[in-house]
Amino acid sequence: MSTESPDVLVLREKPHGIPGSEYADALRRRLPENMTVRTAQTPAEERAAVTGAPVVSGGHFREELLDRAEALELFACMYAGYEHLPLETFADRGIAVTNAAGVHGPNIAEHVVGAFLSIARNFGRARRQQDRHEWRHFQSSELTGSRVAIVGMGAIGQTIVERLEGFDVTTVGVRYSPEKGGPTDEVYGLDEIHEALVGAEYVAVASPLTEETRGLIGRDELQTLPPSAVLVNVARGPIVDTDALLAALRDNHLRGAALDVTDPEPLPNDHPLWDFENVLITPHVSGHTPEYYERLADIVAPNVETILADGDRESLENRVA
């Protein structure tokens, strides 16, 4: 084991079950040969290597490890969400923080469209009938021509809109800053969400969890939707009020829901959401893609070069702090 600190230290994490060594290899392919990248293999190696590394990348950064990072200039978070990080400590020490916004766009957008189509074409019922070896016709619907509301107009929301282009749908965006516009046919602010939801037969929740978005989809919002509506949440569980969602499903006020995130999460095995035939639950896997590290390295490698060249931190891609 080398005792020298690398230029880039990849922490001991395996997002989506993919070893960090693959991420380190992706960074090496993009960085000059004189820049060193190392994946910590043991806790002791992680503690030793972090002391002199100017760049560290991982999903989390424990305070006790951060205390040892004496040379740290940039923490490159592997995730798009960063609310779990010790941002105040980073700020107090003048450490820049970037995230992985944009990495998940294609795969999560495909997950959303796949969920829309699965519920529209009644694949859940087909699966249940197949399990019973039952050949019996049933009815389904179309995504084509529908009104689709996308809550959150970041990289994921915008990619969802792109993937919907071939379906002749009307798209409506909801975002914190509606004055920025967007690729949807209509754009509304968070305080105008009811206008966006009126008549929406499909809703994708893809916004970050903030104080403004916590509980954004509650009883009143679900009541505004038509009973033919499908709700897909690929953002964070607490954005949708679970009790209100349960009530809407029980009262037949929604056609169905697809939840990749839940509140609570993980969903307890005795939770009533498991038992609805018109609810598809996936265990927070929409973010998985075999291209994850390649896309992440495309963002992080130029930032590493900027930091090591004493470049302008304001020019860092995806800087969040």
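Structural notes, computed from the coordinates. (Residues numbered from 1 in each chain as written. Predicted model: local features only at pLDDT ≥ 70, side-chain atom pairs only at ≥ 80, totals over all residues. Heavy atoms only, no water.)

Quick notes on the overall build of the chain
So, point 1. A tally of helices and strands in the chain yields 11 helices and 12 strands.
So, point 2. Judged by the C-alpha coordinates and their principal axes, the chain covers about 65 × 50 × 35 Å.
So, point 3. Taking all 321 residues of the chain together, 49% fall into the buried category.
So, point 4. Restricting the contact set of the chain to residue pairs at least 6 apart, pairs at least 24 apart contribute 61%.
So, point 5. Carbon and sulfur atoms make up 47% of the accessible area of the chain, which totals about 15,500 Å².
So, point 6. Taking the 28 positively charged and 51 negatively charged side chains of the chain as two groups, their mean positions are separated by 6 Å. (Helix = DSSP H or I, 4+ residues; strand = E, 2+ residues; numbered from the N terminus. Buried < 20%, exposed > 50% of the residue type's maximum accessible area, 1.4 Å probe, protein only. Contact = heavy atoms within 4.5 Å. Areas by Shrake-Rupley, 256 points an atom, 1.4 Å probe, with all protein chains shown as cover. Lys, Arg positive; Asp, Glu negative; His and termini not counted. Charge placed at Lys NZ, Arg CZ, Asp CG, Glu CD.)

Digging into a negative patch on the surface
So, point 1. A cluster of like negative charges, contributed by Asp241, Asp243, Asp263 and Glu265, occupies part of the molecular surface.
So, point 2. Here Asp263 lies in the loop between β11 (256-259) and β12 (279-281). (Patch = residues over 30% accessible without salt bridge, like charges linked within 9 Å, V, L, I, M, F, W, Y side chains within 5 Å. Salt bridge = Lys/Arg side-chain N within 4 Å of Asp/Glu carboxyl O.)

Concerning the packing of helix α1 (residues 20-30) against helix α11 (residues 292-308)
So, point 1. Where α1 meets α11, the closest approach of the two axes is 9 Å, and the angle between their N-to-C directions is 50°. Judged by the inter-axis angle, α1 sits oblique to α11. As α1 runs across α11, the sense of the crossing is right-handed. Taken together, the residues of α11 that come into contact with α1 (itself represented by Gly20, Glu22, Tyr23, Ala26, Leu27, Arg29 and Arg30) are Tyr293, Glu294, Leu296, Ala297, Asp298, Val300, Ala301 and Glu305.
So, point 2. Tallied by class, the residues present in the contact of α1 with α11 amount to eight nonpolar, one polar and six charged. (Axes fitted to C-alpha atoms, helices over the stretch in contact; angles between N-to-C directions. Parallel < 35°, antiparallel > 145°, perpendicular 65-115°, else oblique. Left-handed = near helix turned anticlockwise from the far one by under 90°. Nonpolar A, V, L, I, M, F, W, Y, C, P; charged D, E, K, R; others polar.)

Comments concerning the packing of helix α5 (residues 105-120) against helix α7 (residues 155-163)
So, point 1. Here α5 crosses α7 at 55°, and the two axes come no closer than 8 Å. Of the possible angle classes, the one that applies to α5 and α7 is oblique. Judged by the twist between their axes, the crossing of α5 over α7 is right-handed. Residues Gly105, Pro106, Ile108, Ala109, Glu110, Val112 and Val113 of α5 lie in contact with α7, whose contacting residues are Ala155, Ile156, Thr159, Ile160 and Arg163.
So, point 2. Tallied by class, residues from the contact of α5 with α7 come to eight nonpolar, two polar and two charged.

As for the side chain of Thr159
So, point 1. In this fold, Thr159 is placed in helix α7.
So, point 2. Given the relative accessible area of 11%, Thr159 is considered buried.
So, point 3. Here the side chain of Thr159 touches Ala155 through a polar contact of 2.7 Å, landing on its backbone oxygen.
So, point 4. Ignoring any residue separated from it by four or fewer positions in sequence, one finds Thr159 in contact with Gly105, Pro106 and Ala109. (Polar contact = N/O pair within 3.5 Å; in protein donor to acceptor, adjacent residues only side chain to side chain.)

Here's the deal with the pairing of strand β4 (residues 74-77)
So, point 1. Burial along β4 is two-sided: the residues Leu74 and Ala76 and Phe75 and Cys77 are all buried.
So, point 2. Pairing of strand β3 (residues 55-58) with β4 involves four bridges; the strand directions are parallel. The partner of Gly58 across the bridge, within β4, is Cys77.
So, point 3. Sheet analysis places β4 next to strand β5 (residues 96-98), joined by three bridges and oriented parallel. Bridge pairing in β5 links Leu74 to Ala96.
So, point 4. With helix α4 (residues 87-92) bridging β4 and its parallel neighbour β5, the resulting β-α-β unit is right-handed. (Pairing = 2+ DSSP bridges. Right-handed = clockwise from strand over helix to strand, strands pointing away.)

Structural notes on the packing of aromatic side chains
So, point 1. The full count for this structure, using the stated rule, is six aromatic pairs.
So, point 2. Aromatic pair Tyr292 and Tyr293: ring centres 5.6 Å apart, planes at 65°, arrangement edge-to-face. Of the two residues, Tyr292 and Tyr293, neither departs from the other in class, the shared state being buried.
So, point 3. Aromatic ring contacts, followed pair by pair, group Tyr23, Tyr292 and Tyr293 into a single cluster. (Phe/Tyr/Trp six-rings, centres within 6.5 Å; stacked < 30°, edge-to-face > 60°.)

Observations concerning the pairing of strand β9 (residues 202-205)
So, point 1. Both faces of β9 are covered, namely the face carrying Tyr202 and Ala204 and the face carrying Val203 and Val205.
So, point 2. Relative to β9, strand β6 (residues 147-151) is paired through four bridges, and the arrangement is parallel. Within β9, the position partnered with Ala149 by the bridge is Val203.
So, point 3. In terms of strand pairing, β9 meets strand β10 (residues 230-233) through four bridges, oriented parallel. Paired with Val205 across the two strands is Asn233, which belongs to β10.
So, point 4. Handedness of the β9-helix α9 (residues 219-224)-β10 crossover: right-handed.

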